[in-house]
Amino acid sequence: MLTVRIVDPEGFNRVFQDTPLEVVLVNARSTEKPEKAQAIAQAALAGGGEAASGRATSPLPPSALTATGDADEDAQRRVEAMQEQQMLMLAQVKRMLAAMPPPDPKQPTRTAEAKAREEKRRQLVKLLAEIERRINEENARPKKRYVSPSTREEVYAVYYDQLRRRIEERGTHNFPELAGRKLYGELTMIVTVNFDGRVLETEVVETSGNKTLDRRAQSIARAAGPFGRFSSAMRQRADQIVVVSRFKFTRDETLETKLTAR
């Protein structure tokens, strides 16, 4: 996850004096040092990022759903801590800019000291703009909450139970078939539900091995909505919920769903 570190002003000043590289925040750490650094960060990071080459543009790239247990809860707490630290760093950079003397048009600007001062100001302004951009991007994104076995008994329990029943009833009543033959199998699907109950997205992350069954399962999940608006307690925590479920189309011609951490 993205982390920041508050440093003393003198140490921060030396960063700009020692190198002209851009200062950025990275979201991971590696023991391997990069062969050719592209930016200054709070930790060494060799490779990585969403972009095909160079640095990623997203402050929090999505990760694969491979965690189990309380990993989602821990990740949420780390994100909240990161956001708080990021705001502290933003305030510190603003203080450093405010402490710098304003440019004096009467003073010569070609001296080494003046050039160094203006370069430092340019670097601080650039860093300030990048931090503000990342904060604005995060604020603009909808707050998502993953509903896994560890969170089922919280404020989402009743809502999830209704959602599950609606999907199972729909799947049992419209059991998938092809050319008059019933389709049986299991798959894992992610269903993203908006705060107004609409199904925004469905994604099969573990296939049944039958593409037709996978598509029919997605159609069933979408057709089962809308599921009703979020309660006030749910809305305080999230704009959207992401449900990761195991879909099982049984030989009894019924659909069974079960929450999973993957």
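Naming follows an unreviewed UniProt entry, where the protein appears as TonB family protein of Ramlibacter henchirensis. Of the protein, the UniProt comment under Subcellular location (unreviewed entry) reads exactly: "Membrane".

## Digging into the packing of aromatic side chains
Each pair of aromatic rings is reported with the distance of its centres and the angle of its planes. Inspection of the entire model under this criterion finds 3 aromatic pairs. Both rings, one in Phe 175 and one in Tyr 184, keep their centres 5.8 Å apart while their planes meet at 50 degrees; by these two values the pair is tilted. Residue Phe 175 is classed as buried on the basis of its relative accessible area of 7%. A ring pair is formed by Phe 175 and Phe 249, whose centres lie 5.7 Å apart and whose planes are at 80 degrees; its orientation type is edge-to-face. Of the two residues, Phe 175 is situated in the loop between helix H4 (157-173) and strand E4 (177-178) and Phe 249 in strand E8 (residues 240-249); the sequence distance between them amounts to 74 residues. Comparing Phe 175 with Phe 249 shows no difference in burial state: the two are buried. Over the face of the ring belonging to Phe 195 we find Arg 235, whose NZ or CZ atom lies 3.8 Å from the ring centre.

## Focus on the nonpolar core
In a soluble, globular protein the nonpolar side chains are often hidden away together inside. Ranked by size, the top nonpolar core spans 28 residues in total, and within it Tyr 159, Ile 167, Val 193, Phe 227, Ile 241, Phe 247 and Phe 249 carry the most contacts. Looking at this core, the elements that each hand over two or more residues are H4, strand E6 (185-194), helix H5 (211-224), E8 and strand E9 (255-259). In terms of residues, this core owes the most to one element, H5, which gives 5 residues. Not counting residues within four places of it along the chain, the set of residues in contact with Phe 249 comprises Phe 175, Pro 176, Leu 183, Tyr 184, Gly 185, Leu 187, Leu 213, Ala 217, Ile 220, Thr 254 and Leu 255.

## Some thoughts on the packing of H4 against H5
Look at H4 against H5: their axes get within 9 Å of each other, and the N-to-C directions meet at 125 degrees. The orientation of H4 with respect to H5, classified from their angle, is oblique. In this structure, the crossing between H4 and H5 has a hand that is right-handed. Contacts between H4 and H5 involve Arg 166, Ile 167, Arg 170 and Gly 171 on the former and, on the latter, Ile 220, Ala 221, Ala 223 and Ala 224. Each residue belonging to the contact of H4 with H5 can be placed in one class, and the counts come to 5 nonpolar, 1 polar and 2 charged.

## Thoughts on the environment of Val 125
Position of Val 125 relative to the elements: it lies in helix H3 (residues 112-140). Classification of Val 125 as partly exposed rests on a relative accessible area of 42%. Sequence spacing of Val 125 and Lys 94 is 31 residues, and the spatial spacing of their C-alpha atoms is 8.8 Å.

## Regarding the pattern of salt bridges
Under the definition given, this model contains 9 salt bridges. Measuring nitrogen to oxygen at the nearest pair gives 2.7 Å for the salt bridge that ties Asp 161 to Arg 164. Here the residue Asp 161 and the residue Arg 164 both occupy positions in helix H4, the gap between them amounting to 3 residues, near one helical turn. On the accessibility criterion, Asp 161 (23% relative accessible area) is partly exposed. Overall, the relative accessible area of 16% leaves Arg 164 in the buried class.

## Focus: the side chain of Thr 212
Tracing the chain through its elements places Thr 212 in helix H5. Once residues lying within four places of it in the same chain are set aside, the contact partners of Thr 212 are Leu 178 and Leu 183.

## Section: the pairing of E6
Both faces of the sheet carry side chains from a regular strand, because those side chains alternate between them. Within E6, 9 of the 10 residues are buried, which leaves it mostly tucked inside the rest of the structure. Sheet topology places E6 next to E8; 10 bridges connect them, and they run antiparallel. Note that in E8 the partner of Thr 188 across the bridge is Arg 246. In terms of strand pairing, E6 meets strand E7 (residues 199-206) through 6 bridges, oriented antiparallel. Bridged to Met 189 within E7 is Val 204.

Parameters and conventions
- Residues numbered from 1 in each chain as written.
- Predicted model: local features only at pLDDT ≥ 70, side-chain atom pairs only at ≥ 80, totals over all residues.
- Heavy atoms only, no water.
- UniProt positions renumbered as here; feature names shortened; annotations may be inferred.
- Phe/Tyr/Trp six-rings, centres within 6.5 Å; stacked < 30°, edge-to-face > 60°.
- Buried < 20%, exposed > 50% of the residue type's maximum accessible area, 1.4 Å probe, protein only.
- Helix = DSSP H or I, 4+ residues; strand = E, 2+ residues; numbered from the N terminus.
- Lys NZ or Arg CZ within 6 Å of the ring centre and 35° of its normal.
- Core = buried A, V, L, I, M, F, W, Y, C linked by side-chain atoms within 4.5 Å.
- Contact = heavy atoms within 4.5 Å.
- Axes fitted to C-alpha atoms, helices over the stretch in contact; angles between N-to-C directions.
- Parallel < 35°, antiparallel > 145°, perpendicular 65-115°, else oblique.
- Left-handed = near helix turned anticlockwise from the far one by under 90°.
- Nonpolar A, V, L, I, M, F, W, Y, C, P; charged D, E, K, R; others polar.
- Salt bridge = Lys/Arg side-chain N within 4 Å of Asp/Glu carboxyl O.
- Pairing = 2+ DSSP bridges.

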